[in-house]
Amino acid sequence: MVVLATKLTQGAWLTIVAIALLTLWMRAIGHHYSAVDRELEVDPDSPVRALPSRVHALIVVTSVRKPVVRALTYARASRPSTLEAVVVDTDRARTEEVLRQWQRLEFPVPMTVLASPYRDSIGPVISHVRGIRKKSPRDLVIVYLPEYVVGRGWERFLHNQAIRPLKARLHFERGVMIASVPWHLESVRELRLTENQE
């Protein structure tokens, strides 16, 4: 206190302000954690303990490739109440090609084409999911997202560009679960071999 009093005009007041701000910040963090604890506490009558009425599974398809087939396999293995594949029609020729391949491979899952007049690949999926939730609010929707796992840093900029923003938006939807289905590219195997040799 003596040092603060004698050095107050020489900049010691900055220390007092910093300590006060730090104290307020720490108290705000403490209040936040307390509020989150209260919000997440499970009581005997909590609705989170109730099972969903039904489970709807969606597979987002951008092209018919091995990662989509794996997602389809996992989705079918989970035995949901309903299962559908969805493709967003941002490019008519590409959508028709996806539908042709889907029929040619005879997948036992219906394909729903979501219209996208403004070439938006995220909004139509969100609207579709919300439509399912609106019809049956107690139902659970699981969205299966095939994703590439890459071994080289620069490959991250080339893959999953459409999936990342969709996944981020789906996180904010109530009653929606996201199932990421990874597909390891060859570069991951090469990375593992390199790590094992070292």
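Going by the structure above, here's the rest.
Reading the values: rules and limits
Residues numbered from 1 in each chain as written. Predicted model: local features only at pLDDT ≥ 70, side-chain atom pairs only at ≥ 80, totals over all residues. Heavy atoms only, no water. Helix = DSSP H or I, 4+ residues; strand = E, 2+ residues; numbered from the N terminus. Contact = heavy atoms within 4.5 Å. Pairing = 2+ DSSP bridges. Axes fitted to C-alpha atoms, helices over the stretch in contact; angles between N-to-C directions. Core = buried A, V, L, I, M, F, W, Y, C linked by side-chain atoms within 4.5 Å. Buried < 20%, exposed > 50% of the residue type's maximum accessible area, 1.4 Å probe, protein only. Salt bridge = Lys/Arg side-chain N within 4 Å of Asp/Glu carboxyl O. 1 Å grid on protein atoms, 1.4 Å probe; cavity = no way out; pocket = protein on both sides within 12 Å on 5 of 7 lines; lining within 4 Å. Points joined across faces, edges and corners; volume = space filled by probe spheres on them. Nonpolar A, V, L, I, M, F, W, Y, C, P; charged D, E, K, R; others polar. Expected span 1.5 Å × (residues − 1). Arc of directions from axis to C-beta. Polar contact = N/O pair within 3.5 Å; in protein donor to acceptor, adjacent residues only side chain to side chain.

(A) Spatial organisation of the side chain of Ser-116. Topologically, Ser-116 is positioned in the loop between β3 (111–115) and α5 (123–135). In this structure, Ser-116 is in contact with Val-88, Asp-89, Thr-90, Ser-121 and Pro-124, ignoring residues within four places of it in sequence.

(B) View of the sheet that holds β3. The strand order across the open sheet formed by five strands is β3-β2-β1-β4-β5, and the pairing between neighbours is parallel. Edge strands, defined here as strands with exactly one partner in the open sheet, are β3 and β5 (176–184). When the angles between neighbouring strand axes are averaged without regard to direction, this sheet yields 30°. Relative to β5, strand β4 (residues 140–149) is paired through nine bridges, and the arrangement is parallel. Bridge pairing links Tyr-148 to Trp-183 in β5.

(C) Examining the nonpolar core more closely. Core analysis: the largest hydrophobic core is formed by 21 residues, its most contacted members being Ile-59, Val-61, Leu-72, Leu-83, Trp-102, Met-111 and Tyr-144. Among the secondary structure elements, those contributing two or more residues to this core are β1 (55–60), α3 (66–77), β2 (82–89), α4 (92–104), β4 and β5. Per-element accounting of this core gives the leading share, four residues, to α3. Look past the residues within four positions of Leu-83 in its chain and what remains in contact with it is Ala-57, Ile-59, Leu-72, Ala-75, Arg-76, Val-109 and Pro-110.

(D) Seen up close, the pattern of salt bridges. For the coordinates displayed, the defined rule picks out seven salt bridges. Across the pair Arg-130 and Glu-173 runs a salt bridge, and its minimum N-O distance is 2.8 Å. Here Arg-130, found in helix α5, pairs with Glu-173, found in the loop between α6 (163–170) and β5; they are 43 residues apart in sequence, far enough to count as distant. Here Glu-173 falls in the buried class, since its relative accessible area comes to 14%. Residues Lys-167 and Glu-147 are paired through a salt bridge, measuring 2.8 Å at the closest nitrogen-oxygen approach. Here Glu-147 lies in strand β4 and Lys-167 lies in helix α6, a separation of 20 residues in the sequence. Salt bridges sharing common partners tie together Asp-89, Arg-92 and Glu-96.

(E) Local environment of the layout of surface pockets. Each pocket or cavity is described by its volume, and for the largest pocket that value is around 620 Å³. If you go around the largest pocket, you meet 28 residues; those closest to its centre are Val-61, Thr-62, Ser-63, Arg-94 and Ala-162. Those elements that place two or more of their residues in the lining of the largest pocket are α3, β2, α4, β4 and α6. Considered class by class, the residues forming the lining of the largest pocket number 15 nonpolar, eight polar and five charged.

(F) Inspection of α4 at higher detail. In a regular helix each residue adds 1.5 Å, so 13 residues correspond to 18 Å; α4 covers 18 Å between its end C-alpha atoms and thus fits that length. Of all the residues in α4, the buried ones are Thr-95, Val-98 and Trp-102. The buried residues of α4 occupy one face: seen down the axis, they fall within an arc of 60°. Projecting away from the buried face of α4 at angles above 90 degrees are the exposed residues Ala-93, Gln-103 and Arg-104. The secondary structure elements touched by the buried residues of α4 are α3, β2 and β3. The N-capping residue of α4, defined by a side-chain oxygen 3.2 Å from the backbone nitrogen of Ala-93, is Asp-91. One or two steps after α4, the chain reaches Glu-106, where phi turns positive at roughly 55°.

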